[in-house]
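Structural characterization, general
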Amino acid sequence: MLLVIVGYLLMVAGCSSSTGEQVADADGTATSTTAVQTTTTSAPAPPELVMAGIARAEIGQEFTDAVVAVDPNGDDTAIEVTGRAPAGFSTIQNSRGRLTGFRWQPERAGQWDVELTATDTGGLSTTETIRLIARYPRPRDLLIAMGDSVAAGFGRDRSDFAGSDECFRSEGDSYARHTYDALVEAGSLAEDAELLIVACAGATAATLSSFAVTATTADGEVVGEPQSQLDAVIERNPTIVTLTVGATDVSMFDAAALTNPGAADDPDRAIDQFLVDNALRRLTTHLGLTLDALVRSTDAHVVVTTWYDPTAAIPIGVEGCTGECMVSVMANVVEATNDVIVAAVAAQPAGRVSLARLDGQADVWEAKNGLGPDVLRDGLGPLQGLVDAFTGGTTATCADEGSPPQDLISSLDCSHPNEAGHREIARVVTETLLDI
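Rules of the game
Residues numbered from 1 in each chain as written. Predicted model: local features only at pLDDT ≥ 70, side-chain atom pairs only at ≥ 80, totals over all residues. Heavy atoms only, no water. Disulfide = S-S within 2.5 Å. Helix = DSSP H or I, 4+ residues; strand = E, 2+ residues; numbered from the N terminus. Buried < 20%, exposed > 50% of the residue type's maximum accessible area, 1.4 Å probe, protein only. Contact = heavy atoms within 4.5 Å. Polar contact = N/O pair within 3.5 Å; in protein donor to acceptor, adjacent residues only side chain to side chain. Pairing = 2+ DSSP bridges. Axes fitted to C-alpha atoms, helices over the stretch in contact; angles between N-to-C directions. Parallel < 35°, antiparallel > 145°, perpendicular 65-115°, else oblique. Left-handed = near helix turned anticlockwise from the far one by under 90°. Nonpolar A, V, L, I, M, F, W, Y, C, P; charged D, E, K, R; others polar.

Overview of the state of the cysteines
All chains considered together, the criterion is met by 3 disulfides. Paired by a disulfide, Cys-167 and Cys-200 hold their sulfur atoms 2.0 Å apart. The sign of the S-S torsion, about -90°, decides the handedness of the disulfide formed by Cys-167 and Cys-200: left-handed. Of this pair, Cys-167 sits in the loop between β12 (142-147) and α2 (175-186) while Cys-200 sits in the loop between β13 (194-197) and β14 (212-217), placing them 33 residues apart in sequence. The burial state of Cys-167 is the same as that of Cys-200; both residues are buried. Here Cys-398 pairs with Cys-414 through a disulfide, and the sulfurs are 1.8 Å apart. Disulfide Cys-398 to Cys-414: torsion about the S-S bond roughly 95°, handedness right-handed. Of this pair, Cys-398 sits in the loop between α8 (384-391) and α9 (419-434) while Cys-414 sits in the loop between α8 and α9; the two residues are 16 residues apart in sequence, bridging distant segments of the chain. Comparing Cys-398 with Cys-414, the two get one shared label, buried. The disulfide pattern of the protein chain is 1-2, 3-4, 5-6 when the bonded cysteines are numbered in sequence order.

This is the structure in structure tokens:
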């Protein structure tokens, strides 16, 4: 029996892959230790994609780069485009039909994400994304003013109503011109920088992308063919865009349209809340789409202004809503409009869109008593139709009498900024830009 056991132990020792050596214990007794040799193999792992994360090209240019798949297990891999690609994107293949790179030659400005997937013979895969960026070339620094009548410089004086420009611009006195001058002087824009105005009186957030206008320089010279404000900006890829819009959307300068007659000076009854709410929903949608397009299709830094409240401390008001009632109605409309603007800016990527606040403590715009005797304000002769187009034929925000501490609002319509008012807006916008 003893011989059997010894034979079994010898057989086991002979089959072992372990190695042994003798070591001495503390008391000098020799003992043996065994080191077990192990063999390891790497677990299956998906391939890795090596490629550019961003590919940028200007319209008329081409960007090409390689795409490489590396499999940690040495398996064969295949690469394919698994996401939707825009026009102008194509793959480069080798003689065996394998994808080895891509070519990006954009046809229009914008930004797209394209997915590529590498799959090995074991079925394991990895997906990565290339961000394709396309821009129109920009020969030099450029500031473009977008928006409505305030952005167009309207309201400085009577000549604005009788201007030959269908957008009733006063380019040289607009806040955009003063902002441009200040930025050039500060060195934030090059000395050879250009200024263009595409803003147009009567523009809404929706018409920024649908109504054709001509661009003009600071001297009023027409540049290019008519196109929408948004298209004009995208195709010029400016350095800076200033944008003021929203007043026309909510009829801010037409108090008669905002109010219900017979309200007996009760602001809750006076305001046409249905009209305002619908207008704000449209403004939310179209302002958001405009800012999305500017961020996606240009390199510009966009500055959006909030709205000031031009209402006098004791305004004339309209039928059924005078004095404090008019103050309350206008304050509610301006605040609600600004809430939409602030939210739209906050939804954009940090560092691309800034907010220049003309409301709150910065709101120093206040109407005075209108030009000439109040009883004659509905009798402006040949200018009356033009005045009505922007004010609804009302002088609701004008002071019943007297003037505010600062004269920043046009005495013609008691809503738009005068020349000093445009300079004040420019100061706020310039400070916003210089603080970036």
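A short note on the environment of Gln-348
You can see Gln-348 is positioned in the loop between α7 (323-346) and β18 (353-356). Sequence separation between Gln-348 and Gly-288 is 60 residues; the distance between their C-alpha atoms is 8.7 Å. Not counting residues up to four positions away in its chain, the partners in contact with Gln-348 are Gly-288, Leu-291, Asp-292, Val-295 and Val-353. One polar contact links Gln-348 to Asp-292, side chain to side chain, over a distance of 2.9 Å.

A word on the sheet that holds β12
Taking strand neighbours across the sheet as the criterion, the 7 strands line up as β15-β14-β13-β12-β16-β17-β18 in an open arrangement whose pairing is mixed. Edge positions in the sheet fall to β15 (222-228) and β18, since each of these pairs with one other strand and no more. Neighbour to neighbour, the strand axes of the sheet diverge by 25° on average, direction disregarded. Inspection of the sheet shows strand β17 (residues 301-305) paired to β18 by 4 bridges, in the parallel sense. Looking across to β18, one finds that Val-302 is bridged to Val-353.

Some remarks on the sheet that holds strand β11 (residues 125-135)
With mixed pairing, the 4 strands of this open sheet are ordered in space as β4-β11-β10-β7. Of all strands in the sheet, those bounded by a partner on one side alone are β4 (54-58) and β7 (77-81). Here the strands of the sheet are splayed against their neighbours by 25° on average, with no regard to which way each runs. Note: β7 against strand β10 (residues 110-120), 5 bridges, orientation antiparallel. Across the sheet, Ala-78 pairs through a bridge with Thr-119, a residue of β10. Contacting β10 and β11, helix α6 (residues 273-297) runs over the sheet at an angle of about 95° to β11.

Structural notes on the packing of α2 against α9
To characterise two packed helices, one gives the angle between the axes of the helices and the distance between these axes. Where α2 meets α9, the closest approach of the two axes is 8 Å, and the angle between their N-to-C directions is 45°. When the axes of α2 and α9 are compared, the pair comes out oblique. Here the hand of the crossing between α2 and α9 comes out right-handed. Contacts from Tyr-175, His-178, Thr-179, Ala-182, Leu-183 and Ala-186 in α2 reach His-422, Arg-423, Ile-425, Ala-426, Val-429, Thr-430, Leu-433 and Leu-434 in α9. For the contact of α2 with α9, the per-class residue count stands at 9 nonpolar, 4 polar and 1 charged.

These figures come from the coordinates and say nothing about function on their own.
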